[in-house]
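Working through the structure, step by step
Below, each chain spelled out in residue letters.
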Amino acid sequence: MFLIAGLAVPPEMTRFFRALQGFFPSEHWLPAPVLALPLIMLGEATTLTAMEELDHGLMTLRLKQSIALSHTGFTLVERQRRILLAALVQGSETDHLSVKIRSAARRAGLAPAPPYTPLAVPLTDVTAAPVEEVNHWLSIHYATAPDQEELYEFTVFSSGKNRDPLSLEKEADYPFTNCFRPDPDLL
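Note on numbering: residues in each chain are counted from 1, in written sequence order. Local features are withheld for residues below a pLDDT of 70 in this predicted model, meaning they are given only at 70 or higher, and side-chain atom pairs are given and counted only at 80 or more; totals for whole chains, interfaces and linings count all residues. Only heavy atoms go into the side-chain values, all of them from the structure, while hydrogens and water stay out.

Taken in spatial order, the five strands line up as 2-6-5-4-7 in an open sheet, and their pairing is antiparallel. A strand with exactly one partner marks an edge of an open sheet, and here the two such strands are strand 2 (30-31) and strand 7 (149-151). In the sheet, strand 5 (residues 82-91) pairs with strand 6 (residues 120-125) via five bridges, with the strands oriented antiparallel. Among the inter-strand pairings, Ala 87 is bridged to a residue of strand 6, identified as Val 121. Only heavy atoms matter for contacts: two residues are in contact if any of them lie within 4.5 Å across the pair. Each axis is a line fitted through C-alpha atoms, and for a helix only the stretch in contact is used; angles between axes span 0 to 180 degrees, taken between their N-to-C directions. Strands are runs of DSSP state E lasting at least 2 residues, helices are runs of H or I lasting at least 4, and numbering of each runs from the N terminus. In the packing of helix 4 (residues 131-141) onto the sheet, contacts are made with strand 4 (67-79) and strand 5, and the angle to strand 4 comes to roughly 165 degrees. At least two DSSP bridges between two strands are needed for those strands to be called paired.

Taken in spatial order, the four strands make up an open sheet running 3-1-8-9, and their pairing is antiparallel. Edge positions in the sheet fall to strand 3 (36-44) and strand 9 (169-175), since each has one partner strand and no second. Within this sheet the neighbouring strands show an average axis-to-axis angle of 25 degrees, counted without direction. Here strand 1 (residues 2-8) pairs with strand 8 (residues 153-158) via four bridges, running antiparallel. Across the sheet, residue Leu 3 finds its bridge partner in strand 8, namely Ser 158. Contacting strand 1, strand 3 and strand 8, helix 3 (residues 94-107) crosses the sheet at an angle of about 20 degrees to strand 3.

Worth remembering: the numbers are spatial, not functional.
This is the structure in structure tokens:
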């Protein structure tokens, strides 16, 4: 199983990005089914022992504060020979969290790749979309942004054997701070 550590996009940002996906101009734009911010490609976990060691190592990670995630624009990135439209984000402490996750993966015997750059949430595959459509969409939506949100946990996703950044499946969440996180249903 090929694993990627990242941040699940918070609910309000997810609603915002899903609404933007509704404005894609043609069937050439293939929206991402799962919105996630990949941080580290952990690599292939082939043994149960490696999975257990990774799980234990990730459960013990702690940061002093939550991650404040904010959207800063859009970009085009190339991954796996595909061109993706992605939402750029900034997150306080994401670099520190990435280093800790990468160290835990190495201790578990995995071979994690360097962190993803730029820090971006893939929204859609635009490989087959006309360049003019993409440029027009970017010029219209460049200034739209959701509110900043705080995150208290990171997620490990699997992507099957093809390492596809658009076919992520959530495996497990790991809290990384002891900060109080209010339950939205109780507010």
